[in-house]
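In case you want the letters, here they are:
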Amino acid sequence: MERLDLSAVVDTRIKPYGEQVAEKERRAAQRRAFVRNQTIGLVILAAAICVWWLFHTNPKWIFPPGWWRL
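For every chain, the first residue of the written sequence is number 1, and numbering continues from 1 onward in sequence order. Thresholds applied to this predicted model are a pLDDT of at least 70 for local features of residues and 80 or more for the giving and counting of side-chain atom pairs; totals over whole chains, interfaces and linings are not thresholded and use all residues. Only hydrogens and water are set aside when side-chain values are computed; all heavy atoms of the structure are taken into account.

**Remarks on the overall build of the protein chain**
Numbering of helices and strands runs from the N terminus, with a helix taken as a DSSP run of H or I at least four residues long and a strand as a DSSP run of E at least two residues long. A count of helical and extended segments in the protein chain gives two helices and zero strands. Residue exposure (1.4 Å probe, protein chains only): buried if accessible area is under 20% of the type maximum, exposed if over 50%, otherwise partly exposed. Looking at the protein chain residue by residue over its 70 residues, the buried ones come to 4%. Counting only carbon and sulfur atoms, one obtains 66% of the accessible surface of the protein chain, whose full area is about 7,100 Å². To measure how exposed things are, a 1.4 Å probe is used in the Shrake-Rupley method; for residues, cover is taken only from the protein chains shown.

Next up, the structure:
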């Protein structure tokens, strides 16, 4: 069985403050993009469910007789 060399996995050096800030900003930007994409996906899913419901329900429930005379 081969041992895993942890020094190859973990970065043990102390990073400069500017590099730390840049990494935090990059992660924040990635998180914002992820949340934005998640939100867009949920809106598309909700729209797809509404369209599916619209085409699979009784048309008289959506458009009752005389609906154009509101």
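Okay, back to it.
**Some details on the pattern of salt bridges**
Pairing is possible between side chains of opposite charge, provided their charged atoms come close. A pairing counts as a salt bridge when a side-chain nitrogen of Lys or Arg comes within 4 Å of a carboxyl oxygen of Asp or Glu. Here the structure, examined in full by the defined rule, presents three salt bridges. Its salt-bridge partner being Glu19, residue Arg13 comes within 2.9 Å of it at the nearest N-O pair. Arg27 is the partner of Glu23 in a salt bridge, and the nearest nitrogen-oxygen pair spans 3.8 Å. Taken together, the residues span about one helical turn, with Glu23 and Arg27 both in helix H1 (residues 17-55) at a distance of four residues. Overall, Arg27 belongs to the partly exposed group, its relative accessible area being 39%. Residues joined in a network through salt bridges with shared partners are Lys15, Glu23 and Arg27.

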